[in-house]
Amino acid sequence: AFAPKEKDGYYQYIGSGRDGNSAVSVSTKEKNSVTKKMFTRPPSRNDAFVWQIRTLLAWERYPEAATLIVTLRNDPAFPSRLQNDLEEVTALYYYKRGQWDSSAAHLTKALSNSGSNQEKARWEFLSAQMYEMSGNNDLAENYYEKAIGHTVDPIMAVYGRLYSIKVHKSDGGD
């Protein structure tokens with residue numbers, strides 16, 4: 001009843017070009033001025049898209065999740081502050097699909113999203129395991145070494161060292 005109407009009495013379509021939105025974007029454009037950043041919160045619609053992907057993955061609705069991932073990746077108005085979150089859910093998508101190399105590649109792009117050094121070490125360890133499962137032993141060894149350097153858990157450090165030795169392929173038979 002309160003929706004905006006056009007001059008001829010028909011309702012305007014929300015999200016269409018008629019109400020000023022772009023046909024190539026589903027994200028809400030965020031203001032980048034200093035005063036807007038200090039006194040207002042960013043629009044929650046963009047954050048909700050990332051959470052919608054998480055929900056679709058939990059429901060195992062992979063085609064819908066993939067469609068939304070591709071849409072946001074190609075959206076020119078999708079904010080840069082959420083790019084790491086998008087990489088994280090993209091890694092989760094590939095992980096659930098069993099595509100280990102793609103999952104590890106996206107998880108390593110999202111490493112700056114980790115909250116602590118221990119969480120970063122866990123993500124690096126997981127990336128190393130996925131690279132190992134995909135047969136990329138050089139990257140697996142690299143990320144095992146990174147996980148060893150960031151962890152405070154001695155058990156993770158020991159297993160990281162063992163797995164790093166296991167994937168290290170030298171020219172000899174050792």
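Preceding block: the structure.
Described below are features of the structure shown in this document.

Criteria and cut-off values
- Residues numbered from 1 in each chain as written.
- Predicted model: local features only at pLDDT ≥ 70, side-chain atom pairs only at ≥ 80, totals over all residues.
- Heavy atoms only, no water.
- Axes fitted to C-alpha atoms, helices over the stretch in contact; angles between N-to-C directions.
- Helix = DSSP H or I, 4+ residues; strand = E, 2+ residues; numbered from the N terminus.
- Parallel < 35°, antiparallel > 145°, perpendicular 65-115°, else oblique.
- Left-handed = near helix turned anticlockwise from the far one by under 90°.
- Contact = heavy atoms within 4.5 Å.
- Nonpolar A, V, L, I, M, F, W, Y, C, P; charged D, E, K, R; others polar.
- Expected span 1.5 Å × (residues − 1).
- Buried < 20%, exposed > 50% of the residue type's maximum accessible area, 1.4 Å probe, protein only.
- Salt bridge = Lys/Arg side-chain N within 4 Å of Asp/Glu carboxyl O.
- Phe/Tyr/Trp six-rings, centres within 6.5 Å; stacked < 30°, edge-to-face > 60°.

### Some thoughts on the packing of helix H6 (residues 117-133) against helix H7 (residues 137-150)
As a packed pair, H6 and H7 sit with axes 8 Å apart at the nearest point and diverge in direction by 160 degrees. The angle between H6 and H7 falls in the class roughly antiparallel. By crossing handedness, the relation of H6 to H7 is classed as left-handed. On H7, the residues touching Asn 117, Gln 118, Lys 120, Ala 121, Glu 124, Phe 125, Ala 128, Gln 129, Tyr 131 and Glu 132 of H6 are Asn 137, Leu 139, Ala 140, Tyr 143, Tyr 144, Lys 146, Ala 147 and His 150. Looking at side-chain class alone, the contact of H6 with H7 contains nine nonpolar, five polar and four charged residues.

### What to know about H6
An ideal rise of 1.5 Å per residue puts 24 Å on 17 residues; H6 measures up with 24 Å between its terminal C-alpha atoms. Those residues of H6 that fall on the buried side of the exposure criterion are Ala 121, Trp 123, Glu 124, Phe 125, Ser 127, Ala 128, Met 130 and Tyr 131. Packed against the buried residues of H6 are helix H4 (83-97), helix H5 (100-109), H7 and helix H8 (154-167). Backbone geometry just after H6 places Gly 135 at a positive phi near 90 degrees.

### Some points on the pattern of salt bridges
Enumeration according to the criterion identifies six salt bridges in this entry. Salt-bridge contacts for Glu 88 lead to Arg 54; the nearest nitrogen and oxygen are separated by 3.9 Å. Here the residue Glu 88 occupies a position in helix H4, and Arg 54 occupies one in helix H2 (residues 44-58), the gap between them amounting to 34 residues. The exposure class assigned to Arg 54 is partly exposed, which follows from its relative accessible area of 23%. We note a salt bridge from Arg 161 to Glu 145, for which the minimum N-O separation is 3.1 Å. With a gap of 16 residues between them, Arg 161 in helix H8 and Glu 145 in helix H7 connect regions that are remote in the sequence. According to the relative accessible area criterion, Glu 145 is partly exposed, its value standing at 32%.

### Brief notes about the environment of Tyr 131
Mapped onto the secondary structure, Tyr 131 falls in helix H6. Residue Tyr 131 is classed as buried on the basis of its relative accessible area of 7%. Spatially, the C-alpha atoms of Tyr 131 and Asp 101 are 5.6 Å apart, while their sequence positions differ by 30 residues. In this view, Tyr 131 contacts Asp 101, Ala 104, Ala 105, Thr 108, Asn 136, Leu 139, Ala 140 and Tyr 143; residues no more than four positions away in its chain are not counted.

### Quick word on the packing of H2 against helix H3 (residues 62-73)
Between H2 and H3, the least distance of the axes is 8 Å, while the angle of their chain directions is 155 degrees. Taken as axis vectors, H2 and H3 run roughly antiparallel relative to one another. Crossing of H2 against H3: the hand is left-handed. Contact residues: Phe 49, Gln 52, Ile 53, Leu 56 and Leu 57 in H2; Tyr 62, Glu 64, Ala 65, Leu 68, Ile 69 and Leu 72 in H3. Looking at side-chain class alone, the contact of H2 with H3 contains nine nonpolar, one polar and one charged residues.

### Structural notes on the packing of aromatic side chains
Two numbers describe a pair of aromatic rings. These are the distance of the centres and the angle of the planes. Under the criterion given, the structure shown has eight aromatic pairs. An angle of 25 degrees between the planes, with centres 5.8 Å apart, marks the rings of Tyr 131 and Tyr 143 as stacked. Of this pair, Tyr 131 sits in helix H6 while Tyr 143 sits in helix H7, and the two are twelve residues apart along the sequence. Judged by relative accessible area, Tyr 143 falls into the buried class, the value being 11%. A network of ring pairs unites the aromatic residues Phe 125, Tyr 144, Tyr 159 and Tyr 163 as a single cluster.

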